[in-house]
Amino acid sequence: MRNRVTLRAERCLVAGGAGFIGSNLIRALLSKGMIVDCVDDLTTGRQSNIAEFRRNPAFRFIKLDVANAQGCSRLLRRHYSQVYHLACPTGVPNIEILGEEMLLSSSTGTYNLLKVARRTGAQFLFTSTAEAYGDPEVFPQAESYAGNVDPVGPRSAYEEAKRFGEAMTRYYGRKHGMDVRIVRIFNTYGPGMSPNDQRVIPQMIGNLINGEPVPIYGDGSQTRTFLHVNDLVAGLQTVMERGANGEVYNIGGSKQITIKALFDAVKKATGLGGTAAFQDHFISDHRGRWPDTSKVEKLGWRQKVSLDQGLREIHAEFLSSMDLKRRVEKGVVASLGKSRNQSTLARP
Ligand SMILES: NC(=O)c1ccc[n+]([C@@H]2O[C@H](COP(=O)([O-])OP(=O)(O)OC[C@H]3O[C@@H](n4cnc5c(N)ncnc54)[C@H](O)[C@@H]3O)[C@@H](O)[C@H]2O)c1
């Protein structure tokens, strides 16, 4: 889709825009007529996620590590009205591999991006995580719950990185009279995830398609909630536009489901058969996660996409991308350039 770039259009910065959530957010912002600068160092993001925007004059990609202060000083010359900070490596297996990058992108990276936002009076939104609650002892988790986090535990590089980012956002925002918000994102899935993604839904669907056993950690009784990325993107924009300054908002799915029950739901929605391989977690797992979303609902946000609908969509997307890959390998199709997003759901 092409946008007319006008002098009056708002310019947004999306850090981490080549990632799963960032690329879905960019699509939504462009469709609203905004100009978008996407900053990403491609640690866990993919060029293919942003390939569809490349020819849009309202879109610009800047390859940059947000933890690099000198690099970020380039951004000080540009005028933004909104800055979304999503830049952080993700994936539980990456905590051991990219822990340092998680800590730096959420600490120094947050500081650098806050300075960019302050310079032009932009609104700033920091994306935190449900993992900021650690292994919660209170259900559901409201924003006022301080969590149960081990600062030197096996998942602490991610958990404490995000907690530091929240503290920095709140403190710096207050000190400099800025307009800032924090969103704690709970498990989100949807188009734009790679079939090789180790997060639970793509891993289950990818393994079932490939006829491989699906790893389930422990006895599978741990709970999660799941939110379609369209709903998350709508929530991020709701908080940016209508959220209160300095406040924290949970955004996530409303229904708790055990991982064992999720496995059954995936098989039912996709019609795929397969077995689970129960095993010990390779790091450590949290027993449950369940957001209290009443605060963001007061802003008018609601979850709209059901889990069943979303699972069927991601299954269809994986099948079509795998089919295209096979055809490219056989030389039937020239490139993967226009491969993505054969989505059955409306884009946000
Ligand atoms: N997907 C979820 O379920 C979920 C849940 C909780 C929180 N979050 C948060 O939402 C944000 C986006 O997550 P996602 O699922 O899209 O993950 P993702 O890994 O697909 O996207 C993160 C993006 O940030 C980029 N990045 C990482 N470090 C960077 C750096 N130093 N400089 C510039 N770019 C950098 C990556 O290359 C990637 O494109 C992350 O901050 C993540 O912690 C996601």
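What you see as residue numbers is a count from 1 along each chain, following the sequence as written. Owing to the predicted nature of the model, reporting of local features is limited to residues with pLDDT of at least 70; listing and counting of side-chain atom pairs is limited to 80 or more, with chain, interface and lining totals taken over all residues.

A. Representation of the site of the ligand. Close to the ligand lie 31 residues; G16, G19, I21, T44 and G45 are nearest. For the shell around the ligand, the elements supplying multiple residues, two or more each, are helix 1 (20–31), strand 2 (35–40), helix 4 (94–106) and strand 5 (123–129). Note on conventions: DSSP H or I runs of at least 4 residues are helices, E runs of at least 2 residues are strands, and numbering of each starts at the N terminus. Among the elements that take part in the shell around the ligand, helix 1 stands out by supplying 3 residues, more than any other. By residue class, the composition of the shell around the ligand is 14 nonpolar, 13 polar and 4 charged. Only the C-beta atom matters for this test: placed from the backbone, it must lie within 6 Å of a molecule or strand for the residue to be near it. Each residue gets one of three labels, nonpolar for Ala, Val, Leu, Ile, Met, Phe, Trp, Tyr, Cys and Pro, charged for Asp, Glu, Lys and Arg, and polar for the others, Gly among them.

B. Quick peek at the sheet that holds strand 5. If DSSP finds at least two bridges between two strands, the strands pair. Sheet architecture is open: 7 strands sit in the order 3-2-1-4-5-6-11, paired in parallel fashion. Pairing within the sheet leaves two strands with one partner each, and these edge strands are strand 3 (59–63) and strand 11 (248–251). For this sheet, the mean angle separating the axes of adjacent strands, direction not counted, is 20 degrees. Relative to strand 4 (residues 82–85), strand 1 (residues 11–15) runs parallel, the two sharing 4 bridges. When the bridges of strand 4 are listed, A15 appears paired with H85. By the convention adopted here, residues are in contact when the distance between their C-beta atoms, placed from the backbone, does not exceed 7 Å. Geometry is summarised by axes, namely lines fitted to C-alpha atoms with helices restricted to the contacting stretch, and by angles between N-to-C directions that run from 0 to 180 degrees. Sitting on the sheet, helix 5 (residues 108–120) is in contact with strand 1, strand 4 and strand 5, with an inclination near 170 degrees to strand 4. Contacts from helix 6 (residues 156–175) reach strand 5, strand 6 (180–185) and strand 11 within the one sheet, and its direction differs from that of strand 5 by about 155 degrees.

C. Spotlight on the environment of G109. One can find G109 in helix 5. Three exposure classes are used, all based on how many other C-beta atoms lie within 10 Å of a residue's own C-beta (placed from the backbone): buried at 20 or more, exposed at 12 or fewer, and partly exposed between those limits. Using a count of 29 C-beta atoms within 10 Å as the deciding quantity, one classes G109 as buried. Put simply, G109 and D65 are 44 residues apart on the chain and 7.9 Å apart in space, counted from C-alpha to C-alpha.

D. Highlighting the confidence of the model for the protein chain. On a scale of 0 to 100, pLDDT captures the predictor's confidence in every residue. Averaged over all residues, the pLDDT of the protein chain equals 91, while 92% of them reach at least 70. Low pLDDT, under 50, characterises residues 336–348; the predicted model gives this stretch 28 contacts beyond four residues in sequence or across chains.

E. Spotlight on unusual backbone geometry. A cis geometry characterises the amide bond from F139 onward to P140, with omega recorded as -15 degrees. Tracing the sequence through the fold places P140 in the loop between strand 5 and helix 6. The phi angle at L42 is positive, at roughly 65 degrees, despite the residue not being glycine. In this fold, L42 is placed in the loop between strand 2 and helix 2 (47–50).

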